[in-house]
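In case you want the letters, here they are:
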Amino acid sequence: MKVALCEVNAVLCPKCSTNQRCIMGTSEFAKACGVPKDTLFHYDRIGILKPEYVNDKGYRFYSVKQFVTYDIITTLQKAGSPLSEIKAYLENKNPSQFLSIVKQKKEQLILEQQKIKRMERLLQTTYDMVENALNVECYIPSIEELDEEYLITVALTSEGIEKQDVQRMGEHYIYCTVHQIAYEYPVGTIITKSHIEQGIYNKPDYYFNKLTDRLTDSINNERVHIRPKGKYAVINHKGSYGSLPESYEILCNYIKEQHMTVVGNSYEQEILTYLAIKNSDEYIIRIAIQIG
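Residues numbered from 1 in each chain as written. Predicted model: local features only at pLDDT ≥ 70, side-chain atom pairs only at ≥ 80, totals over all residues. Heavy atoms only, no water.

A. A look at the packing of helix 3 (residues 66-78) against helix 4 (residues 83-91). The interhelical angle for the contact between helix 3 and helix 4, taken along N-to-C directions, is 140°, at an axis separation of 10 Å. By the criterion of interaxial angle, the relationship of helix 3 to helix 4 is oblique. Seen from above, helix 3 lies across helix 4 with right-handed handedness. Along its contact with helix 3, which presents Thr69, Ile72, Ile73, Leu76 and Gln77, the element helix 4 presents Leu83, Ile86, Tyr89 and Leu90. Taken together, the residues of the contact of helix 3 with helix 4 break down into 7 nonpolar, 2 polar and no charged. (Axes fitted to C-alpha atoms, helices over the stretch in contact; angles between N-to-C directions. Helix = DSSP H or I, 4+ residues; strand = E, 2+ residues; numbered from the N terminus. Parallel < 35°, antiparallel > 145°, perpendicular 65-115°, else oblique. Left-handed = near helix turned anticlockwise from the far one by under 90°. Contact = heavy atoms within 4.5 Å. Nonpolar A, V, L, I, M, F, W, Y, C, P; charged D, E, K, R; others polar.)

Listed below in structure tokens is the structure:
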């Protein structure tokens, strides 16, 4: 037997006679919606989807037409709208507001898609980097022609103060996130030409990430560094950062033996570090010094 709703504006059930109205209890409505009852209780508490009828014993009843409201709620939730925003919309539904919400959520979804694509590229380049690192030879210098690369950089302290440098790197990643700058591995550091010539190999001047894309309007040009295309003396170092000067000595002596000179900066790129290995003595860091 159906419960009469009297003055409640419920919809007629097509299976019922014309003067009867179709309602469901909380359990039945929750099951039909595919959600726990607690979800409906929560929606009732915050006023976003209240039962159409509550009897004198406190039992909640929902009408078929409220499926429409529930569908709106779930659709907007999946698009990223908070319940407070959905409630405001339901209280004042109109076409222009709906279009505004849809446009906003579409823009957010595009940003999320871009974020996912950046992460996919980051994971792929990381995989390739580690896989290649397993086959490299270390401590054998060579001369290579390298292509131009765009790097997003942050200056490190001239004193090499580790705590301050870590803070600057943290700010660097926040900057990249806020400006939606797409970067990839490997990461690394730059030692300037003047410091190489002075034999200062253990105090990097800049920290960098390789840019996935080239210059964009969102990037402050002062942060972008271009590694020039050209000839480089290259060596793969195996060991901790503290032991890097050993490989620098080998590489600088090799440059002299080849009757070449240092004409640009040194670029240190991590190709096997803490991401995939525990012992810092097993790190592999690639050093490339521009020569001419």
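Following the structure, the description resumes.
B. The pattern of salt bridges, seen in detail. Under the defined criterion, the tally for this structure stands at 8 salt bridges. Put simply, arginine 286 and glutamate 144 hold a salt bridge, and the shortest N to O gap is 2.6 Å. In this pair, arginine 286 is assigned in strand 11 (residues 284-291) and glutamate 144 in strand 4 (residues 142-146), connecting sequence segments 142 residues apart. Close ionic contact of glutamate 149 with lysine 210 constitutes a salt bridge, the shortest N to O distance being 3.5 Å. In this pair, glutamate 149 sits in strand 5 (residues 149-155) while lysine 210 sits in strand 7 (residues 206-211), placing the two residues 61 residues apart along the sequence. Each member of the salt-bridge network shares a partner with another, and the members are Asp44, Lys50 and Arg60. (Salt bridge = Lys/Arg side-chain N within 4 Å of Asp/Glu carboxyl O.)

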